[in-house]
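Observations on the three-dimensional arrangement
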Amino acid sequence: MPRTIDQQIAEAQAKLNRLKTRQKASDTRRKIIVGAIVTTEALKDPKIARWMAATLRKNATREVDQKEIAGLLAELDAKAGTA
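Just so we're clear, the structure is a prediction, and the values are computed from it rather than from any experiment.

Where helix α1 (residues 5-42) meets helix α2 (residues 46-59), the axes come as close as 7 Å, and the angle between the chain directions of the two elements is 125 degrees. When the axis of α1 is compared with that of α2, the two are oblique. Judged by residue contacts, Val38, Thr39, Glu41 and Ala42 of α1 engage Ile48, Ala49, Trp51 and Met52 from α2. By residue class, the composition of the contact of α1 with α2 is 6 nonpolar, 1 polar and 1 charged.

Written as structure tokens, this is what we have:
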């Protein structure tokens, strides 16, 4: 029995939603990897630590985000010699 147009549309939409979910997961993995690498390097290099701390302070504007990164900022400041 052939599928109706509505069934074909529903299947296409379901496939699109699966692809969007995969793309979001891939983006999240990439952010985690890059963040881990940059954080590791910042904790070794005072110049990178200063840049990262300044960037985080500038861009993490939500209070909940600021609380989450407070410990990291303290570590970065200590590494950068600005604590």
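This brings us to the side chain of Asp77. Within the element layout of this structure, Asp77 appears in helix α3 (residues 63-80). At 2.6 Å, the side chain of Asp77 forms a polar contact with the side chain of Arg57.

Before going further, it helps to examine the pattern of salt bridges. Here the structure, examined in full by the defined rule, presents 6 salt bridges. Here Asp27 and Arg30 are joined by a salt bridge, their closest N and O atoms 3.3 Å apart. Residue Asp27 and its partner Arg30 are located together in helix α1, separated by 3 residues, close to a single helical turn. Judged by its relative accessible area of 47%, Arg30 is partly exposed. A salt bridge links Glu63 to Lys67, with the nearest nitrogen and oxygen atoms 3.4 Å apart.

Model confidence for the chain is summarised by a mean pLDDT of 96, while 99% of its residues fall at 70 or above. Predicted confidence in the chain is weakest over α3, with a mean pLDDT of 96, and strongest over α1, with 98.

Cut-offs applied
- Residues numbered from 1 in each chain as written.
- Predicted model: local features only at pLDDT ≥ 70, side-chain atom pairs only at ≥ 80, totals over all residues.
- Heavy atoms only, no water.
- Axes fitted to C-alpha atoms, helices over the stretch in contact; angles between N-to-C directions.
- Helix = DSSP H or I, 4+ residues; strand = E, 2+ residues; numbered from the N terminus.
- Parallel < 35°, antiparallel > 145°, perpendicular 65-115°, else oblique.
- Contact = heavy atoms within 4.5 Å.
- Nonpolar A, V, L, I, M, F, W, Y, C, P; charged D, E, K, R; others polar.
- Polar contact = N/O pair within 3.5 Å; in protein donor to acceptor, adjacent residues only side chain to side chain.
- Salt bridge = Lys/Arg side-chain N within 4 Å of Asp/Glu carboxyl O.
- Buried < 20%, exposed > 50% of the residue type's maximum accessible area, 1.4 Å probe, protein only.
- pLDDT = per-residue confidence, 0-100.

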